[in-house]
Amino acid sequence: MAAVLEGAPPTRDGTLLHFLKYRGFGIASGAVAIAFIFFFVYPLTRMLYAAFFKNGVFSTVSFQETFADPHLAELLRDTAIVTGLSSVVAMSVATLFAWLNERTDAAMGWVSKLLPLVPLMLPPIALSTGWFFLGHERAGLLNIGMRGLTGALGIDLWAEQGPINIASWGGLIFVYTLYLVPFAYLLVAAAFRNFDSSLEEASRVAGAGAWRTFRNVSAPGILPAIAAALFLVGVTALSNFSIPVIIGTVSRIDVLSVRIVRMVRDAYPPRIDEAVVLSFFIVIAVGVLFWLQRMITARRRHVTISGKSSYASKIPLGRWKWVARTLMLVYLAAASVVPLLGLFFVSLQRFWSSHITRQSFTLDVLQALFTGDNLTKKALQTSVFLGIVGATLGILIATMLMLYVRQRKGTFPRLVDAAAKAPSAVSHTVLGLAMVIALAGFPFYLAGTLTILLIAYLVIYMPQAAISTGSGIDQVGGELLEASSVAGASQSRTFFRITLPLMRPALAAGWALLFVMMVGDLTASALLATNANPVVGFVIYDIFNSATYASLAAIACVVGTISFAVVCAVLAFSRSGAGGQASQ
Amino acid sequence: MRAPAGAGSSMNVPASQVNAAQDVTVQVWNLKKEFRRLGGEQVTAVNDVSLSISPGQLVVLLGPSGCGKTTLLRCIAGLEHPDAGRIEINGKCVFDSDEGIRLAPEHRAVSMMFQSYALWPHMTAYKNVEYAVKSRGYLKDVDARVTRALAQVGIPQLRDQYPSQMSGGQQQRVALARSLAVDPPVVLFDEPLSNVDAKVRDQLRQELVSMQRTIRFAGVYVTHDQLEAMQLADRLAVMDNGRIVQLDTPIQVYRHPVSRYVACFVGQANDLQATVTGPVSGTDRIELGTVLGPLHAVSERGSALPAGAKARVIIRPEDIKLTVGNAPAGSNVWRGSIQAVMFSGAHVEYRVRVGSHQLHARSDTNRALLREGEEVSVAFDPAVVYVFPDA
């Protein structure tokens, strides 16, 4: 110890051990960063090349073929309508909910905490299949229930079908909206929370009413968050495959993400060239959204206010309070418990039909998932395995990258930071397709392996991992680490005793997020998996195409339950003990 | 409180003994630190600063925000890397730009208190202190040392509380215990009291002084609060634009400021533009032309200024005497009227209009208040007038 205080080596000391101790982490992080950037940039470059070059010669054949398709305009129009309308509706709902929870007496603390977690608890594939079973015109559980009710009352309006039809424009947009609201809510609610409410109080005291205050003070204040939310929601809507593949297919509404996957998966020979050209439309749409966000935020300078914890007086809503609360509770139920119950119900029947009798209930379908040597069982095992490995690796890589980015200045760390978040601006469909083109054949030959799936998952979900760990690192704060150094602790002691424990809640949340998204992934899985290495997403896609609905319900139900259990367990773990103290 | 075998040398022996042979604990030579702002603008936060601190001495760095005081402190701690200069702590070089020496904070014999307290939120008060003690290599009697430190700062009952369960003042006491538990030869304070309320601040300040007298550590204390600075400092370093512009005892700094900047920053001041008229014959005074009219000052204060030179005249509010009715005619006496009265408890502050100008005066007699609008005579001794060249 005398050595530590007295003869501690200055940094220019050149022994190997010392070098590794001080530089090892930096070198490892740098290498990981380079590998990550490679696996993000290389596939996209290969895809770009493949679009313009045939056998090494420049060619626009694939563009001509795509534009010659008479249904192209319809495809683009429908995609724009579905994603555009559902984004706008989701933004409005989310802003309303955020305002209700942050500014009015309708606020319910647990709703505010739970809302952003909904897509975690129920993967989109479970949400869309759940609503498919609930809202089917003839055999939908809600319809059967309502028809039973109205029939008993002597109303005979809907004898065989209706009143709800999920396989419609309205139904499709409804499910999209259910899925998108939490993404927007997360950002807008945070903006309301961070926006100094004394500015609003100043407006009220100056004589402006509630609406005038909202329009002139609150709304401009949270505008950057709204712009960011619009971008996030738009990209998420464009990327989503689980909802249109189920509900869009039955309602014959075609969207880009589904068409691209079908061209690669279901066409023979695969029409990869055209798929690439179609994916350019997604890239363009994301570019437009990005530009829109910049336009909104650049219009005026926004002051970031780091206020004290404010004691904002809540706006009393009177009897509207209960209307607002009911609305939020209905949303929560519709986005989580209700579809999950629908899945359970259907999975307990041998065949899905509109005639439900006591005899039709059976555990056979659920049991079949876990017995014998079948594809579904294998897919579940592979997916859970990939989820655990992928989430752990993803969080580890993200932590290394974000520590590297935070502790260094210069161009390369900034580049790494941008690269780690960039995949969120590229649609999953596009990235999955690029992985097929770049990694399946020469020189990697990873087609059908678990490795290609793992790489795809890691690249696609790196932004979420980076944001979770990054916010964790920011929470730890500079001075807490400096205090440890000044107290005499070494770098590694500081990392293990201070940094890591304080980051635990963020790391755990990030891990759960990644696990759930990887297990529930459909896009990359449908494109990259094969019968040799099936994953849940791949099997779900096949089962849906072969219309064995009870099995579909069963597997979606199992995935939903696993996600739900993992999220709850991890959140409980991260809020217990000392970590819980830290997060207060 | 014997140190464990092999544990750090200087940390465990009382600071006063270690330094018996030397006369400085912290020595800074020609330190320089530059920043590049986001826009690309180069800012010199610390500009060629040299400073030495003796054992048991508390030096306060005082200045407005952005003057470089915190950067200087962080350079000593090892949290910032200066661009040039040399720093020795306890006779050991911890930074030297020419020799390429740059010791990490954990290898420097310092403790530090942060403005944000920087208590580790996942550890109890006891664990916070224990962590610091163990990090400095103490392996034996850790419990006794931690318990003593918590008792020393008056919070033995909080040992199992988490920081989130304590008030700001309590948190800062834990931070103090954490810094002092290792008997550090040097303690660095980065505005530690600016986040606690006035009453607690007063109390903690007094305890800090008495603890510093008992433990006899050398301290560097950063603050922008001039009252705090004067109460705490053995020596006061006033900083401006990355430089130490005056370094002396608080009394000397207050009574003999070297510049208009120091005079205005330390204490309150009436600051007037003036032009030197010349010496007043037969006296040791010079005369200056001001908005108040001709004004006399003791000539040594403005001796360097030739007739016609632009100058600034500074008069402290407490040096201005206000009397009702006619005062004896003479130099530095004017007629004025009270514009505003601010009763402040122990003293009273007045705004007095003299001609077209307002002066700030302060009286310690709070019984016989002057009233607004009252006619008074305004006077001050030429000996209390500071004269500085106008930059």
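(A) Examining unusual backbone geometry more closely. At Tyr445(A), a residue that is not glycine, the phi angle is positive and equals roughly 50°. Structurally, Tyr445(A) can be placed in the loop between helix H20 (428-439) and helix H21 (450-476). Here Tyr445(A) falls in the exposed class, since its relative accessible area comes to 57%. Unlike most non-glycine residues, Glu191(B) shows phi in positive territory, near 40°. With respect to the helices and strands, Glu191(B) occurs in the loop between strand E8 (186-190) and helix H7 (198-215).

(B) Expanded view of helix H15 (residues 320-335) of chain A. Residue and element names in this part refer to chain A. End to end, H15 covers 23 Å across 16 residues, agreeing with the expected 22 Å (1.5 Å per residue, within 8%). When we look at burial in H15, the residues that qualify are Lys321, Ala324, Arg325, Met328, Tyr331, Leu332, Ala334 and Ala335. On its buried side, H15 packs onto helix H4 (72-103), helix H5 (109-114), helix H6 (118-121), helix H7 (124-135), helix H9 (169-194) and helix H16 (337-347).

(C) Seen up close, the packing of H9(A) against H15(A). All names here are of chain A. Where H9 meets H15, the axes come as close as 10 Å, and the angle between the chain directions of the two elements is 115°. One element, H9, and the other, H15, form an angle in the roughly perpendicular class. Between H9 and H15 the crossing geometry is left-handed. Contact residues: Leu178, Val181 and Pro182 in H9; Tyr331, Ala334 and Ala335 in H15. Here the residues of the contact of H9 with H15 are counted per class, giving 6 nonpolar, no polar and no charged.

(D) Representation of the packing of aromatic side chains in the model. Applying the stated rule across the entire model yields 33 aromatic pairs over all chains. On the numbers, 4.9 Å between centres and 85° between planes, the contact of Trp131(A) with Phe174(A) is edge-to-face. In this pair, Trp131(A) is assigned in helix H7 and Phe174(A) in helix H9, connecting sequence segments 43 residues apart. In this structure Phe174(A) comes out as partly exposed when scored by relative accessible area, which is 35%. Through successive ring pairs, a cluster of aromatic residues spans Tyr49(A), Phe52(A), Phe53(A), Phe58(A), Phe63(A) and Phe280(A). The ring of Trp322(A) carries Arg325(A) above its face, with NZ or CZ at 5.0 Å from the centroid. Seen from the ring of Trp120(B), Arg178(B) lies directly overhead, with NZ or CZ sitting 4.3 Å from the centre.

(E) Representation of the pattern of salt bridges in the model. Residue and element names in this part refer to chain B. Summed over the entire model, instances satisfying the criterion amount to 26 salt bridges over all chains. Taking the shortest distance from any N to any O, the salt bridge between lysine 69 and glutamate 191 comes out at 3.9 Å. A residue pair is termed long-range when its members are at least 10 positions apart, and lysine 69 in helix H3 (residues 69-77) and glutamate 191 in the loop between E8 and H7 qualify at 122 residues. With relative accessibility at 9%, the residue glutamate 191 sits in the buried group. Arginine 86 is the salt-bridge partner of aspartate 96, the closest N and O atoms lying 2.6 Å from each other. Taken as a pair, aspartate 96 in strand E5 (residues 92-96) and arginine 86 in strand E4 (residues 84-89) lie far apart in primary sequence, 10 residues in all. On the accessibility criterion, arginine 86 (21% relative accessible area) is partly exposed. Among the ionic contacts, a cluster of salt bridges with common partners joins Arg86, Glu88, Asp96 and Glu99.

Cut-offs and rules
Residues numbered from 1 in each chain as written. Chains lettered and ligands numbered in written order. Predicted model: local features only at pLDDT ≥ 70, side-chain atom pairs only at ≥ 80, totals over all residues. Heavy atoms only, no water. Helix = DSSP H or I, 4+ residues; strand = E, 2+ residues; numbered from the N terminus. Buried < 20%, exposed > 50% of the residue type's maximum accessible area, 1.4 Å probe, protein only. Expected span 1.5 Å × (residues − 1). Contact = heavy atoms within 4.5 Å. Axes fitted to C-alpha atoms, helices over the stretch in contact; angles between N-to-C directions. Parallel < 35°, antiparallel > 145°, perpendicular 65-115°, else oblique. Left-handed = near helix turned anticlockwise from the far one by under 90°. Nonpolar A, V, L, I, M, F, W, Y, C, P; charged D, E, K, R; others polar. Phe/Tyr/Trp six-rings, centres within 6.5 Å; stacked < 30°, edge-to-face > 60°. Lys NZ or Arg CZ within 6 Å of the ring centre and 35° of its normal. Salt bridge = Lys/Arg side-chain N within 4 Å of Asp/Glu carboxyl O.

Geometric values such as these leave the question of function open.
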